[in-house]
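This is what each chain is made of:
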Amino acid sequence: MANLDNLKQLIFEQKARVGVIGLGYVGLPVACLLANAGFHVTGVDIKQVRVDTINNGISPIEGKEPGLAELLAGVVEKGQLIASTSHDDLTNADIILIDVETPIDEQHIPQYRALKAACRSLGEVIKDGALIIVESTIAPGTMERVVRPLIEESSGKKSGIEFSLGACPERVMPGKLLANLRDMSRVCGGDTPAVSEIMVKFYRNIVEADLDQSDLITAELTKTAENAYRDVNIAFANELALICQSVGADFLEVRGLVNKSPGRNVLYAGAGVGGHCIPKDPWLLAYGVAEKKMDLHLIPAARAVNDSMPQHIMDLLRIALETFDKLLEESKIAILGFAYLEESDDVRNSPSEKLLEILTSLNVNVMVQDPYVPRYQNSIFETIKNCDAAIIMVAHHAYQELDLKAIKKHLRTPILIDGRRVVDPQKAREAELHYSGIGFDSSKL
């Protein structure tokens, strides 16, 4: 078995050299926190522009990320964090974290190109005694089926003897990266109990919440189950909103009344579910039992409901346009918000992108605005000028504080579709806007 006593001492003295592969929404803040805790950190990313930006002490992540830019600038200036495009710079690393994307394809099958490439490249350079921790979210069983054999093959070293493996899935969301890393509990799954114990000692340098020791498969399951659970609950909220709208009730009122009952927590409905995690993690959970031929029902159903919400926005748009005898194909439409989350620049699996694809496939003239996404950072009023409808797809604060009378003035046809329920329907009516919102019967106005 690998001798972990030396690594334990290096962690205690904060002399362990740390490598982080992937400097995105997870890897970069993790690297910064570890560097700030006193470790020397080398971050590796395949994007030269991102590496150069980081080495200049500038955060490549747009959107509101409290404290990240200042933290990054500080640790780079002190020489505690260095970014590189070469895995060769991890030769002396004692602990390596893997934080790369793990997407799925159209058949919901994990695409581990980045993970496999990281494992192969890392295997070629790791030293004896290194601890490799995968923080990426992966399907249950991936550590055993993919990660371990790839690193063993490329390194010629034996897992558990010459290197150790751990899985500690991240739990972060844009806008709260540093806070989530500090305050959210983590599962430290090791290939042995001794490895799990060392992982707890290591993460205690940056995590203030619970650090639970477990094994590899439990760590993988916990993260995928967590996001599948949320997806199912969002799907219930979305379907309830559709029911409320159909029968003439207000979803927000029904939600509030239901949640008065102890133990009930109906979530908010919306125009779709985006981000890197929730649209794919339920499929990763399901993929973990693909070989066992289990007949799953709830996870696919929830995914279908949430994926359908941009199409529901389209339905609301068509109905509103018909009120003004407008044809969709001859209309000009404005989409407000392109990120998947408010106050963020993260566009991964954005419902707005799906809506844009639907509209452009019908040759509709579409304008897009988002205060955080660089290619869409134009003026709201310039965007909606002479449009036949404005569709709010993201709950950015800028959209919650819209001057509705000014919106009415700039639109050619006074249609406002609220995919996030950030506008008061009555105030929209007072501004002489034709309002349609998720889970709201506009005929009541």
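Our structure is the block above this text.
A few points on the structure. All of these numbers come straight from a predicted model, not from anything done at the bench.

## What about the environment of Lys8?
Residue placement: Lys8 occurs in helix H1 (residues 5–12). For Lys8, a relative accessible area of 30% translates into the label partly exposed. Along the chain, Lys8 and Ile198 lie 190 residues apart, while their C-alpha atoms are 6.3 Å from each other. Every residue in contact with Lys8, bar those within four places of it in the chain, is listed here: Glu197, Ile198 and Lys201.

## What about the pattern of salt bridges?
Taken as a whole and judged by the stated rule, the model has 20 salt bridges. Of the charged contacts in the structure, one is a salt bridge between Arg186 and Glu135, with a shortest N-O distance of 2.8 Å. On the criterion of sequence distance, the pair formed by Arg186 in strand S7 (residues 186–190) and Glu135 in the loop between strand S5 (130–134) and helix H6 (142–155) is long-range, its members being 51 residues apart. Look at Arg186 and you get buried, because its relative accessible area is 2%. Asp250 is the salt-bridge partner of Arg421, the closest N and O atoms lying 3.1 Å from each other. Linking Arg421 in the loop between strand S12 (415–418) and helix H18 (425–430) with Asp250 in the loop between helix H9 (216–247) and helix H10 (251–258), this pair joins segments that are 171 residues apart in sequence. A single salt-bridge network, built from bridges that share partners, covers Asp231, Arg303, Asp307 and Lys354.

## A few points about the state of the cysteines
All chains considered together, the criterion is met by 0 disulfides. Looking at the unpaired Cys168, the closest cysteine sulfur is the one in Cys188, lying at 4.2 Å.

## Digging into the packing of helix H5 (residues 113–123) against H6
Running from N to C, H5 and H6 point in directions that differ by 35°, and their axes come no closer than 7 Å. At the point where H5 passes H6, the crossing takes the right-handed sense. In this structure, H5 contributes Leu115, Lys116, Cys119, Arg120 and Gly123 to the contact, and H6 contributes Thr142, Val146, Val147, Leu150, Ile151, Ser154 and Ser155. Split by residue class, the contact of H5 with H6 holds 6 nonpolar, 4 polar and 2 charged.

## Examining the layout of surface pockets
Its volume calculated, the second largest pocket comes out at about 440 Å³. Surrounding the second largest pocket, 15 residues form its lining, Pro103, Ile104, Asp105, Lys280 and Asn349 being those nearest its centre. In terms of residue class, the lining of the second largest pocket is made up of 4 nonpolar, 3 polar and 8 charged.

## Considerations on the sheet that holds strand S2 (residues 40–44)
In space, the 8 strands of this open sheet follow the order S3-S2-S1-S4-S5-S6-S7-S8, with mixed pairing throughout. Two strands in the sheet have a free side with no partner beyond their single neighbour: strand S3 (81–84) and strand S8 (211–215). This sheet shows a mean twist of 25° between the axes of neighbouring strands, independent of strand direction. Where strand S4 (residues 95–98) meets S5, 4 bridges bridge the pair, whose relative direction is parallel. Within S5, the position partnered with Leu97 by the bridge is Ile133.

## So, the packing of H1 against helix H8 (residues 193–203)
Contact geometry of H1 with H8 gives a least axis separation of 9 Å together with a crossing angle of 15°. With respect to H8, the axis of H1 lies roughly parallel. Crossing geometry of H1 relative to H8 is assigned as left-handed. On the side of H1, the interface is formed by Leu7, Lys8 and Ile11, while H8 contributes Glu197, Ile198, Lys201 and Phe202. Residues of the contact of H1 with H8, tallied by class, amount to 4 nonpolar, no polar and 3 charged.

## Description of the packing of aromatic side chains
Counting across every chain of the model gives 4 aromatic pairs. Ring geometry for Phe39 against Phe202: centres 5.7 Å apart, planes inclined by 65°, an arrangement best described as edge-to-face. Residue Phe39 is located in the loop between helix H2 (27–36) and S2, and its partner Phe202 is located in helix H8; the two are separated by 163 residues in the primary sequence. A residue is classified by how much of its surface remains accessible, and Phe39, at 0% relative accessible area, is buried.

Quick notes on the rules
Residues numbered from 1 in each chain as written. Predicted model: local features only at pLDDT ≥ 70, side-chain atom pairs only at ≥ 80, totals over all residues. Heavy atoms only, no water. Helix = DSSP H or I, 4+ residues; strand = E, 2+ residues; numbered from the N terminus. Buried < 20%, exposed > 50% of the residue type's maximum accessible area, 1.4 Å probe, protein only. Contact = heavy atoms within 4.5 Å. Salt bridge = Lys/Arg side-chain N within 4 Å of Asp/Glu carboxyl O. Disulfide = S-S within 2.5 Å. Axes fitted to C-alpha atoms, helices over the stretch in contact; angles between N-to-C directions. Left-handed = near helix turned anticlockwise from the far one by under 90°. Nonpolar A, V, L, I, M, F, W, Y, C, P; charged D, E, K, R; others polar. 1 Å grid on protein atoms, 1.4 Å probe; cavity = no way out; pocket = protein on both sides within 12 Å on 5 of 7 lines; lining within 4 Å. Points joined across faces, edges and corners; volume = space filled by probe spheres on them. Pairing = 2+ DSSP bridges. Parallel < 35°, antiparallel > 145°, perpendicular 65-115°, else oblique. Phe/Tyr/Trp six-rings, centres within 6.5 Å; stacked < 30°, edge-to-face > 60°.

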